[in-house]
Amino acid sequence: MSFHIVVCGSLVPDPLQTLEPMQGPTGPALKNEMMLPAVLDPWAGHALFEAATLAANVPGSKVWLVSLGPKAKLQQLMMSIAQKVAFDLVAVDGPAGGFLDAFETAEALAGAIDGIAGLEKDKMLLFGGCASSSRDASVTMQLIGERLGITDQFLAVDELKPEADGSFQIMERIEAGEYLVSKCAGAPAMVGWATGNLPEPPNNPQVGMQNMRTVMPALQQAKPAQVGTGDVNFTKVEVPQQRRETKIVKDTPVEEIAADIVAWLKG
Amino acid sequence: MESNDAAKLMSTLPGDDIRQIMWRYSDRFELQMVVQSSRQVARSVVARCVADGVRNSHEWNDRKHSILEAFDQAGLTQVFMDPQDGGFIDGPKNLALALVAFELSWVDGGAATSSLASNLGLSPIHEKGTDAQKRHYMKACTPPQPGEDREIMRAAFALTEPLPFIGVDTGVISGKATVADMDGDEPMLQIEKRGRFITNMGFADLVTAAVDTDDERLKTSCMVILEEGDEGLFDRGVPTQKLVHQLSSTRDPVFSLKVPASRIIGGYTVQDGVIVPNFSHAEVIEAVFRRTRVPVGLMSSAKLLSAVEPIIRYHRQRFRGNAAVQPGTPRFESGLQMKEDCLQRLVDVWAAGEAGTSLGFATCRLLDTYDEIEKEKERIFAEEGIKGRAQLKAFRKINKDALELLALRDQSEGERDDARMQELEADPLVQFALQDSLANVLCPAGKLWNTGAGANTMREAVSLMGGYGVTEDCPGFLGQKWMDMQLEATYEGPESVQRRQLSITMTSELFLAQFRQWIDGLRKIASTRPGTGACALARAMELWLWTLEHLQSAKDADGKALWNTNRHGVCYPMADALCWLISVYYQILDVMELAEKGEMNPVVAEGLEGSLNFFSDLAHTQVARAAGEAGRLCAELVYGYNAHPDWDGEGCFDAATLEDLESVMPGFGSQATDVVEGDGSHAAKAGPCAKSCKSGFVRLRAKMDVCLTGSRMAKDRAATAIGQLMIPEALDYPL
């Protein structure tokens, strides 16, 4: 039994950048968003790395990465991501921001997945982040799954253990630091990943060169998608009020750091 | 031209999209991946080492070794290799290697040096090794792939020797090779070599060493490959007590080893019982150093550009935390950036970084095409059996053809002989001659200017951080970078070596013909994009050319010829002046590239106008600085070797004569400024004012000064842009 793993994931602004909401011509946006460097959405990143590991452990499996974003920015992103794990890219040219409507996003991504040549839906595992660091709507993956007719859906997953018969065991995060352990008879299923258990793989240029054979054509052939804010009217947007209070102290014991944080939380 | 108030400003720090266009690798995804990999290693493993104080030890240790492992894992070790040896980049790799060095040096020069030194160790084999040597050692130095059961070999390059301090004269090598045994299948050599300040020696198990012959059965000097397991002594020696680049390993090794003659790089023949190496050590080194010096210059420029973001952040946040400075006040939001001086000095740092980077990457791109053409030249000469001095003779004709081609390129269509032009354009030897003459100037210029002028500028950058700049905690490690640049100005050929080379190569007819074409090109650029300062630069280049021609024929006050390559007081400042000019020349070309291609990239297009304004203003600022430096140096040389007139000589009037002349020509006396009175008294000064008889120089200098018009307005605009530039919340590598 092998899997066809489709990972949905796109870019978000580099979290180190100054993120300043503003009203753009087509709705709310971040100041200078197009010009800010971007990274792979960390939640989607976990999903991708888990997918690649799963594919490596289950012979005959294959990974696609389906990304909705401005293709020029996706291209930059691929120069780093494509070196980490092997995948085929399916690019959809459209916006990728924190103010997009999850319904429209899901529609565009589901359409792109539907169009993947060679994808066997009975083997499909639909992976993605259980949330996004640009907008924590936490519904996009479910919406895509529903559109594709996938009813077995798992959210905030940290582990997926495949069995020889094609079934797999899944650990989902639930409240109070507990896990819900489920057994799924097999694909198709939607898995919205939390952090998983894998570190970010180092860059491997050989993998990158291999991936580039599909990445560059995929970017060139990326179909435009009309994705916007849907029916949502944003009356006001602002970054959460917070004060960055940075303390640089070297060699501080863990207990002392914990005590510091507790004291800060207590105000 | 927009007023300073209306000009659109650059809104964010330039990202990869802009740099890929400016430095011409937007269509090379393998290079873009290399940049990402290098950056990731630099800003994680390397930066953590620096932040943790790993530089504070001269010994090679596990933390430092982890950097090499990170290089291997991220594919940086393989960048140097060809695909058949486990690499992933086909063709010349000068630009690729330079990008790696640039990214690593953005954080730490020592890490970059470790990477470069491994390549340097392998370069003799790569450039001149036999096929068997290349196959064996390139593969051995590539990280093992999954399934391979072997340890990676690491290389060092041993040229420098204790003499008794440190140094090398490529003509005289103290390391010796003798023939130990001629009887077996393969002659055996005994190598005696003491190295000094040899990079990578803490871990290298493969050393390419330069040795002279000390045996009549060995014809010439050569370079040999030494391995740790060879019979005899392979002593790594003591670590060098470096104040800089401590993340690289430097030691003083001692080798006394018996090795087969097959280790002679490039192979050998046996003629009448004498081993004749196919390449002397000097031939190997010449091929190696031309390429490896360029990334060193880029390392220094990377440091300047890396200083920009930490300085902006420091300036803006300078007063935050002070109870009296409330959020929302200009003092809180802008900090020291309320003061014009902070902004304008940062403009200088940034502009110098841009100029050096532009020159460095332009040189790498040239070398990438040059590598191919050089191979073709060698193939043609080998086919025709042209060797040694015969090649020099052949080049007399080829150089003429190259000059003819340049002249044809200058002519307009219809006026020129197109068939002849096509013939010459297609001639690889002509192309080689043109590129060779450029490479011979650009390589030493980048090494000299980027490191030397760069280190001086870095001092300014450090000072912009106040006392913080000279602490280990300074964000961006600016203090360490400043010190490191002093080494970069020295290793792989100190400044005097680069000036010496330039003083010869910059007078080549072929180079000068191309230099004149640059001047014409700059005027054309100025007509479409005057804000770059291209016109002023063209004028400064004319002034430099005039000065060169003058110096080549003039004599000093003692009657000695001024132009002589051993007269360093004349030639070297001219080399320095040239470097200022050509670095900013390439900076302008990069701005033009952005202007031409920026619109095609939607990410760049969004802020293109602001970016172009800013980079044009930086270039204009740098042009003014470069023209000023060149003008000063040229003026010193044109006038400085003349004797100052004295009160006894020509150039002044005695009062009585002046009185007589006044009676004949009323008003004449008022024109005379230097008068000796009857009692011998005169104005209190050195002598009559020196008069310029160099009207060409005076005219050009005056024009050049006037051409600086607008350059300070450009600097104001650039400073304003920096004042509102959006920067990240925090540096993307640890402190």
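Overview of the structure.

The rules behind the values
Position numbers for residues start from 1 in each chain and track the written sequence from start to end. Chain labels run from A onward and ligand labels from 1 onward, assigned in the order the entries are written. In view of the model being predicted, local features appear only for residues whose pLDDT reaches at least 70, and side-chain atom pairs are presented and counted only at 80 or more, with totals across whole chains, interfaces and linings using the full set of residues. Note: side-chain values were computed over all heavy atoms of the structure, leaving out hydrogens and water. Contacts are residue-level and defined by heavy atoms, with any inter-residue pair within 4.5 Å sufficient. Each of two parts loses accessible area, computed with a 1.4 Å probe, when they are put together; buried area is these two losses added. The rule for a salt bridge is simple: a side-chain nitrogen of Lys or Arg has to be within 4 Å of a carboxyl oxygen of Asp or Glu. Polar contact criterion, stated in full: a pair of N or O atoms within 3.5 Å, where within protein one must be able to donate a hydrogen and the other to accept it, and residues adjacent in sequence count only if both atoms are side-chain atoms. The helix and strand labels rest on DSSP assignments: H or I over at least four residues marks a helix, E over at least two residues marks a strand, and numbering proceeds from the N terminus. Just so you know the grouping, Ala, Val, Leu, Ile, Met, Phe, Trp, Tyr, Cys and Pro go in nonpolar, Asp, Glu, Lys and Arg go in charged, and all remaining residues, Gly too, go in polar. Take the number of residues in a helix, subtract one, and multiply by 1.5 Å to get its expected span. Here the term buried applies to any residue with accessible area under 20% of the maximum for its type, exposed to any over 50%, and partly exposed to those in between, with areas from a 1.4 Å probe on protein chains only. Residues belong to one nonpolar core when they are buried, are Ala, Val, Leu, Ile, Met, Phe, Trp, Tyr or Cys, and are joined through side-chain atoms within 4.5 Å. These domain boundaries are the output of an automatic or database domain assignment.

1. A closer look at the interface of chain B and chain A
Working step 1: Opposite the 35 residues of chain B that make contact, chain A presents 29 residues.
Working step 2: For the pair chain B and chain A, the two sides together bury roughly 2900 Å², of which 58% comes from carbon and sulfur.
Working step 3: For the pair chain B and chain A, the number of links is zero salt bridges.
Working step 4: Where chain B meets chain A, there are twelve residue pairs in polar contact (both at pLDDT 80 or more).
Working step 5: Listed by contribution, the elements that provide at least two residues to the side of chain B that touches chain A are α1 (16–22), α2 (29–51), α3 (62–74) and α18 (602–606) of chain B.
Working step 6: The biggest single contributor to the side of chain B that touches chain A is α2 of chain B, with nine residues.
Working step 7: Taken together, the residues of the side of chain B that touches chain A sort by class into 14 nonpolar, 14 polar and seven charged.

2. Topic: helix α12 (residues 428–463) of chain B
Residues and elements named next belong to chain B.
Working step 1: Look at α12: 50 Å from first C-alpha to last across 36 residues, which is about the 52 Å you get at 1.5 Å a residue.
Working step 2: Within α12, 31 of the 36 residues are buried, leaving the element largely enclosed by the surrounding structure.
Working step 3: With a side-chain oxygen positioned 2.9 Å from the backbone nitrogen of Leu429, the residue opening α12 is Asp427.

3. Brief notes about the side chain of Lys84 of chain A
Working step 1: Mapping Lys84 of chain A onto the fold places it in the loop between α2 (71–81) and β7 (88–93).
Working step 2: At a separation of 2.7 Å, a polar atom in the side chain of Lys84 of chain A contacts the side chain of Asn203 of chain A.
Working step 3: Within the structure, the side chain of Lys84 of chain A is placed 3.4 Å from the side chain of Gln40 of chain B, a separation counted as a polar contact.
Working step 4: Once residues lying within four places of it in the same chain are set aside, the contact partners of Lys84 of chain A are Phe49, Glu200, Pro201, Pro202, Asn203 and Val207 of chain A together with Gln40 of chain B.

4. Comments concerning the nonpolar core
Working step 1: Formed by 207 residues in total, the largest nonpolar core has its most connected members in Leu122, Trp350, Phe515, Trp518 and Trp544 of chain B.
Working step 2: When residues of this core are assigned to their parent elements, the largest contribution, 19 residues, is made by helix α9 (residues 340–384) of chain B.
Working step 3: Each of domain 1 (155–285) and domain 2 (359–642 + 694–724) of chain B gives at least three residues to this core.
Working step 4: With near-sequence residues (within four places) excluded, Phe515 of chain B lies in contact with Met541, Trp544, Leu545, Leu578 and Ile582 of chain B.
Working step 5: The next biggest cluster of nonpolar side chains, apart from the first, holds 46 residues, and it includes Ile5, Val63, Phe168 and Val215 of chain A.

5. Digging into α3 of chain B
Working step 1: When the terminal C-alpha atoms of α3 of chain B are compared, their 18 Å separation across 13 residues agrees well with the 18 Å that a helix rising 1.5 Å per residue should span.
Working step 2: Buried within α3 of chain B are the following residues: Lys64, Ile67, Leu68, Ala70, Phe71, Asp72 and Ala74 of chain B.
Working step 3: Looking at the buried residues of α3 of chain B, the elements they touch are α5 (205–220) of chain A together with α2, α4 (94–105) and α5 (109–128) of chain B.
Working step 4: Structurally, the start of α3 of chain B carries an N-cap: the backbone nitrogen of Arg63 of chain B is 3.2 Å from a side-chain oxygen of Asn61 of chain B.
Working step 5: Looking one or two places after α3 of chain B, you find Gly75 of chain B, whose phi comes out positive at around 85 degrees.

6. Quick notes on the pattern of salt bridges
Working step 1: All told, the structure shown has 59 salt bridges over all chains when counted by the stated rule.
Working step 2: One salt bridge connects Lys123 of chain A with Glu120 of chain A, and the closest N-O pair in it is separated by 3.4 Å.
Working step 3: The salt bridge involving Arg150 of chain B is made with Glu148 of chain B; its shortest N-O contact spans 3.1 Å.

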